[in-house]
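Residues per chain, in single letters:
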Amino acid sequence: MAKYIALTFDDGPNTGTTPMVLDVLEKHSAVGTFFLEGNNINEESAKVVKRAVEMGCEIENHSRTHTAFPQLTAEEMTAEIDFTTEKIIDITGRAPKFFRPPYIALNDLMYSTIPLTFICGKGCTDWEDSVSAEQRFDTTMAQAQHGDVILLHDMEGNINTVKALDRLIPALREEGYELVTVEELFEKCGAVPKSGVIYTNVLSDGK
């Protein structure tokens, strides 16, 4: 039986680490899904996003300012989402379908306000400089399962994740996983995205 898994990256785009992540993906003929912060999108970083799209990667929404959404009003939430969605459409011609809440902070108002499917993922604390590339690799491999979203970060300077990724892709494939985008993950697993839940594995509703 085929096994599918999606590599995802938060907090870009930038012109430092994001291109390094793309280099590793390209080296291994792999794809990823990038959840962008709208305020990080500028003329130069937009070129990086275009490269990702040309490689077959998927571009999704991670808010404008990376604010914890439970402290926002519905109007403020909508403004955060719409800003980034419009930037993504301008670059890619495609509207995002998925949203990763900053800090995975949630409340009911978010579900009723934001018309996107919520995505979490299995992380390896890779935003902490103290976590080595080896630890990131080991944690990710130990918890990987069919249907999973893997949560990584391409934030500026996050070199240990770049190093870990170079080992992760062949190791996951060796264990029988096909690497796909988040949208493809739902499709290939026969899962229909639902509202009112957040997905870490597309075969189960909620975290």
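Residues numbered from 1 in each chain as written. Predicted model: local features only at pLDDT ≥ 70, side-chain atom pairs only at ≥ 80, totals over all residues. Heavy atoms only, no water.

Colleague: Explain the nonpolar core here, please?
Modeller: Most often, soluble globular proteins keep nonpolar side chains buried together rather than apart. Counting 37 residues, the largest nonpolar core has Leu7, Leu25, Phe34, Leu165 and Leu172 as its most contacted members. A per-element tally of this core places helix H6 (residues 159–174) first, with seven residues. The residues touching Phe34, leaving out its near neighbours within four places in the chain, are Phe9, Thr18, Val21, Leu22, Leu25, Ala52, Cys57, Glu58, Ile59, Glu60 and Asp154. In this structure, Val180, Val182, Cys189 and Ala191 belong to the second largest nonpolar core, which totals 15 residues. (Core = buried A, V, L, I, M, F, W, Y, C linked by side-chain atoms within 4.5 Å. Buried < 20%, exposed > 50% of the residue type's maximum accessible area, 1.4 Å probe, protein only. Helix = DSSP H or I, 4+ residues; strand = E, 2+ residues; numbered from the N terminus. Contact = heavy atoms within 4.5 Å.)

Colleague: Explain the side chain of His28 to me, please; I cannot follow it from the model alone.
Modeller: Note on placement: His28 falls in the loop between helix H1 (17–27) and strand S2 (33–36). Discounting residues that sit within four places of it in the chain, His28 has contacts with Asp166, Ile169, Pro170 and Arg173.

Colleague: Where do I start with the packing of helix H5 (residues 133–143) against H6 in this structure?
Modeller: A packed helix pair is summarised by two numbers, namely the angle formed by the two axes and the spacing between the axes. Where H5 contacts H6, the two axes come as close as 8 Å, and the packing angle between them is 35°. In terms of crossing hand, the pair formed by H5 and H6 is right-handed. Residue-level contacts link Ala133, Glu134, Arg136, Phe137, Thr140 and Met141 of H5 to Asn160, Thr161, Lys163, Ala164, Arg167, Leu168, Ala171 and Leu172 of H6. Its residues assigned to classes, the contact of H5 with H6 comprises seven nonpolar, three polar and four charged. (Axes fitted to C-alpha atoms, helices over the stretch in contact; angles between N-to-C directions. Left-handed = near helix turned anticlockwise from the far one by under 90°. Nonpolar A, V, L, I, M, F, W, Y, C, P; charged D, E, K, R; others polar.)

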